[in-house]
Amino acid sequence: STGGTVEIDDALYVTGTTTLASLLATTGTFSNGLVVDTNTLFVNYNNNRVGVGTTGADRALEINDSSGGALRLTYNDSDGSATNYADFTIASDGELTIATNGTDEDIKIQTTGFQNALIIDDSSANIGIATTTPWGKLSITTDGFAPKFVVASSTGVGLIVDNAGRNRYLNEEK
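Position labels on residues start from 1 in each chain and follow its written sequence. Given that the model is predicted, a residue must reach a pLDDT of at least 70 before its local features are reported, and side-chain atom pairs must reach 80 or more before they are shown or counted; all residues, however, enter totals for whole chains, interfaces and linings. Side-chain figures throughout are based on the complete set of non-hydrogen atoms in the structure, without hydrogens or water.

(A) Representation of the layout of surface pockets. Reported here for the second largest pocket is a volume of approximately 150 Å³. Every definition here rests on a 1 Å grid over the protein atoms only: cavities are sets of points where a 1.4 Å probe fits but cannot get out, pockets are open sets enclosed by protein on both sides within 12 Å along at least five of seven lines, and lining residues have some atom within 4 Å of a point. Lining the second largest pocket are T131, T133, W135, L138, S139, I140, T141 and K148. Grid points are joined across faces, edges and corners, and a volume is the space filled by probe spheres set on the points.

Structure representation (structure tokens):
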């Protein structure tokens, strides 16, 4: 049947090559969690966590892939042929890599109130802070009040480039 409610209070075991077409048109309640292929997809109903490639998700969503190719975000891809995407991979030592593919492969970090916090411009390999068009390897734009660049240590020794572009040294002997 189609268009109804399916409630499974114990276990549902499906073996072999099976299509559950009738479940796709229904609302399903799996009161004891959901497991697909041991750990391909695991829903832990006790603590509301979903594991992909793991049965022991430590967060609301955990993706585990021993090859490191953990997550791909695609734009407008319904058939697996996306040409605009970003891959997030993690190495065995924890190193995170973000790799983009598309017509504009920039990487941006922004917040609601600060649209251009950080940008890595793919076409020039330049990095911009508070600018969408970095013109040097590192371009920093300020609001006119804060210093453009500060290098300091716990002892206070360092360098400041003020908003007028002048170099100032902390703890400098005069």
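Continuing now.
(B) Inspection of the pattern of salt bridges at higher detail. Here, a salt bridge means any side-chain nitrogen of Lys or Arg that lies within 4 Å of a carboxyl oxygen of Asp or Glu. Going through the model one piece at a time under the given rule, you end up with one salt bridge. As a salt-bridge pair, D87 and R72 come within 2.6 Å of each other at their nearest N and O atoms. Placement of D87 in strand β8 (residues 85–90) and of R72 in strand β7 (residues 71–74) is noted, with a sequence separation of 15 residues between them. Classification of R72 as partly exposed rests on a relative accessible area of 44%. Think of it this way: any DSSP run of H or I at least four residues long counts as a helix, any run of E at least two long counts as a strand, and we number them from the N terminus. Whether a residue is buried, partly exposed or exposed follows from its accessible area with a 1.4 Å probe, protein chains only, as a fraction of its type maximum: under 20%, in between, or over 50%, in that order.

(C) Main features of the sheet that holds strand β10 (residues 107–109). Any two strands with at least two DSSP bridges between them are considered paired. The strand order across the open sheet built from four strands is β10-β11-β12-β13, with neighbouring strands paired in mixed fashion. Single-partner strands in this sheet number two, and they are β10 and β13 (138–140). When strand polarity is set aside, the average angle formed by the axes of neighbouring strands in this sheet is 15 degrees. One ladder, built from three bridges, connects strand β11 (residues 118–121) with strand β12 (residues 126–129); its direction is antiparallel. When the sheet's bridge partners are listed, I120 is paired in β12 with I127. The axes are straight lines fitted to the C-alpha atoms, using for helices just the contacting stretch, and the angles between their N-to-C directions are given from 0 to 180°.

Spatial relationships are all this shows, so hold off on functional conclusions.
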